[in-house]
Amino acid sequence: MGTALRNIATKERLGGKSPDVLTVDKIDRVTKYYRGAIYDNVRYRGKMKRSIYAILHHCRSTDQVPRHTKCPVATSDPDGKRNWCFHNRAIAEGRKPGPHTKKQ
């Protein structure tokens, strides 16, 4: 996944400072989430598909347009306090979610 995204970013010469720009940091994050979605749901194809789809929404989320409704809660963590989504984890802990620009 990471290699494919890096190749696309290089081939298309993507760059700039827009929130939608594909940066090395974003590629690393997407790769980490993608790996987790596969490992956490290796026996459940439907859950794996939903988790991968949630990654796309999560990574495009901003403070103005939060897109965390599809972010999954692990079955071993029903209260969401160990959720990989910082936004939903903060809500589960009773805190206000931090800004999307801060690395969390």
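What counts as what
Residues numbered from 1 in each chain as written. Predicted model: local features only at pLDDT ≥ 70, side-chain atom pairs only at ≥ 80, totals over all residues. Heavy atoms only, no water. Helix = DSSP H or I, 4+ residues; strand = E, 2+ residues; numbered from the N terminus. Buried < 20%, exposed > 50% of the residue type's maximum accessible area, 1.4 Å probe, protein only. Contact = heavy atoms within 4.5 Å. Areas by Shrake-Rupley, 256 points an atom, 1.4 Å probe, with all protein chains shown as cover. Phe/Tyr/Trp six-rings, centres within 6.5 Å; stacked < 30°, edge-to-face > 60°. Lys NZ or Arg CZ within 6 Å of the ring centre and 35° of its normal. Expected span 1.5 Å × (residues − 1). Arc of directions from axis to C-beta. Core = buried A, V, L, I, M, F, W, Y, C linked by side-chain atoms within 4.5 Å. Polar contact = N/O pair within 3.5 Å; in protein donor to acceptor, adjacent residues only side chain to side chain. pLDDT = per-residue confidence, 0-100.

## Brief notes about the overall build of the chain
- Of the regular secondary structure elements, the chain holds 4 helices and 0 strands.
- If you list the helices and strands of the chain from N to C, you get α-α-α-α.
- In the chain, buried positions account for 27% of the 104 residues.
- When contacts within the chain are restricted to residue pairs at least 6 apart in sequence, long-range pairs at least 24 apart make up 26% of them.
- Surface exposure of the chain reaches about 7800 Å², of which carbon and sulfur atoms provide 54%.

## Quick look at the packing of aromatic side chains
- What the rule picks out here adds up to 0 aromatic pairs.
- Lys47 extends its terminal NZ or CZ atom over the ring of Tyr44, reaching a point 4.9 Å from the ring centre.

## Quick notes on helix α3 (residues 45-59)
- Taking 1.5 Å as the rise per residue, α3 with 15 residues should run 21 Å; its terminal C-alpha atoms sit 22 Å apart, in good agreement.
- Among all positions in α3, only Met48, Ser51, Ala54, Ile55 and His58 are buried. What you see down the axis of α3 is that its buried residues fit within an arc of 120 degrees, all on one side. More than 90 degrees from the buried face of α3, the exposed residues found are Arg45, Lys49, Arg50 and Leu56.
- Packing partners of the buried residues in α3 comprise α2 (24-40) and α4 (86-92).

## Observations concerning the nonpolar core
- Core analysis: the largest hydrophobic core is formed by 7 residues, namely Leu5, Ala9, Ile27, Val30, Tyr33, Ala37 and Ile55.
- For this core, the elements supplying multiple residues, two or more each, are α1 (2-11) and α2.
- Aside from chain neighbours lying at most four places away, what touches Leu5 is Leu22, Ile27 and Val30.

## Considerations on the side chain of His68
- Within the fold, His68 resides in the loop between α3 and α4.
- A distance of 3.0 Å separates polar atoms of two side chains, one belonging to His68 and the other to Ser61.
- Aside from chain neighbours lying at most four places away, what touches His68 is His58, Ser61, Cys85, Phe86, His87, Asn88 and His100.

## Focus: the confidence of the model for the chain
- On average, residues of the chain score 77 in pLDDT, and 76% of them are at 70 or above.
- Ranking the helices and strands of the chain by mean pLDDT puts α3 first, with 86, and α1 last, with 74.

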